[in-house]
Amino acid sequence: MIGELYRNFETGKEILIGPHALFERLSTEGNATSVFKYYITLNLVLAVLTPMANILGFPSDVIHASTNAQMAAYKFSPVLEQYLVISRHFWTGILTLTFAVLNLPEFVLFYHLSAKLLGGKGGWLASLKTVVYPATPSILFGWVPYSDFIFGLWTGFFLVPGFHYFHKISWGKSTGFAAFLVGLQILYVILSGGRWLIEP
């Protein structure tokens, strides 16, 4: 198990340093189980560090949180604290991981349909990879205060090679769609203060 955790963190490091080469290799490697385990590993880190940031006075909102799972956990954890008399910070960690898992199918479906509209050739596994691997910056560093926009933008940049390598979509279409998503997300957050559109 320790070896698998180490491999997942090594994968995360490789993605942050050189996503193009790794995405090209991962387009023909791995299965749904390995991708999901990678996703869970990163979200375990997020689930531990997000409550710590909350304790230090940084709420999980659109300013300080990079994923929908954190914001949902922050919203519902006081309810569980009230009824179950266990600290909301404990529940924030549990719910961050829970909502990350529950949100995943929704994002896979959205990216899959989007890829098909763009002429993508990949299947559901390609869509799962397109959700999970480009989201590495947001999940791994989503707990850092005042940096949600930075990591959201970073994820948006990674979507370009994600759609290109996993779904065989042209660079032009991948870049245009990623730019559209980032722009739409910025507008949506400004107008509504609502949830993110590209990060589980």
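Residues numbered from 1 in each chain as written. Predicted model: local features only at pLDDT ≥ 70, side-chain atom pairs only at ≥ 80, totals over all residues. Heavy atoms only, no water.

A. Highlighting the side chain of K129. For K129, the position within the fold is in helix α6 (residues 124-132). Reaching out from K129, the side chain makes a polar contact with the backbone oxygen of E29 at a distance of 2.7 Å. If near-sequence neighbours (up to four positions away) are discounted, K129 is found in contact with L26, S27, T28, E29, G30, V35, P134 and F166. (Helix = DSSP H or I, 4+ residues; strand = E, 2+ residues; numbered from the N terminus. Polar contact = N/O pair within 3.5 Å; in protein donor to acceptor, adjacent residues only side chain to side chain. Contact = heavy atoms within 4.5 Å.)

B. Representation of the nonpolar core in the model. Within the largest apolar cluster, 39 residues are counted, with the highest numbers of intra-cluster contacts made by I15, L104, V132, Y133 and F163. Counting residues per element, the ones that place at least two in this core are α2 (19-26), α3 (32-55), α4 (68-84), α5 (88-117), α6, α7 (136-141), α8 (148-167) and α9 (171-192). Here this core takes 8 residues from α5, the largest share from any one element. Apart from residues no more than four positions distant in its own chain, L104 is found in contact with F36, Y39, L128, V131 and V132. (Core = buried A, V, L, I, M, F, W, Y, C linked by side-chain atoms within 4.5 Å. Buried < 20%, exposed > 50% of the residue type's maximum accessible area, 1.4 Å probe, protein only.)

C. Main features of the layout of surface pockets. The calculated volume of the largest pocket comes to roughly 280 Å³. Forming the walls of the largest pocket are 15 residues, and the residues nearest its centre are R7, N8, T11, S34 and Y133. Elements supplying a minimum of two residues to the lining of the largest pocket: α1 (2-17), α2 and α3. The greatest single-element share of the lining of the largest pocket, amounting to 5 residues, is contributed by α1. (1 Å grid on protein atoms, 1.4 Å probe; cavity = no way out; pocket = protein on both sides within 12 Å on 5 of 7 lines; lining within 4 Å. Points joined across faces, edges and corners; volume = space filled by probe spheres on them.)

D. Up close: a nonpolar patch on the surface. Residues F76, V79, Y83, L84, I86, F90 and I94 make up a contiguous nonpolar surface patch of roughly 670 Å² in combined accessible area. Among the secondary structure elements, those contributing two or more residues to the nonpolar patch are α4 and α5. Top element by residues in the nonpolar patch is α4. It accounts for 4 residues. Within the secondary structure, F90 is located in helix α5. F90 sits in the partly exposed class, given a relative accessible area of 43%. (Patch = residues over 30% accessible without salt bridge, like charges linked within 9 Å, V, L, I, M, F, W, Y side chains within 5 Å. Areas by Shrake-Rupley, 256 points an atom, 1.4 Å probe, with all protein chains shown as cover. Salt bridge = Lys/Arg side-chain N within 4 Å of Asp/Glu carboxyl O.)

E. Broad picture of the pattern of salt bridges. Enumeration according to the criterion identifies 5 salt bridges in this entry. Between R25 and E29 there is a salt bridge, with its nearest N and O atoms 2.9 Å apart. On the basis of relative accessibility, which here comes to 37%, the residue R25 falls in the partly exposed class. We classify E29 as partly exposed; its relative accessible area is 34%. A salt bridge links E81 to R88; the shortest N-O distance between them is 2.8 Å. The exposure class of R88 is partly exposed, given its relative accessible area of 35%. Through salt bridges with shared partners, a single ionic network connects E14, R25 and E29.

F. Unusual backbone geometry, seen in detail. Here the phi dihedral of V85 falls at roughly 55°; this positive angle occurs in a residue that is not glycine. Inspection of the secondary structure assignment puts V85 in the loop between α4 and α5. The exposure class of V85 is exposed, given its relative accessible area of 70%.

G. Representation of the environment of L95 within the structure. Its place among the elements puts L95 in helix α5. A relative accessible area of 12% places L95 in the buried class. It is 8.3 Å that separates the C-alpha atoms of L95 and Y74, two residues lying 21 residues apart in sequence.

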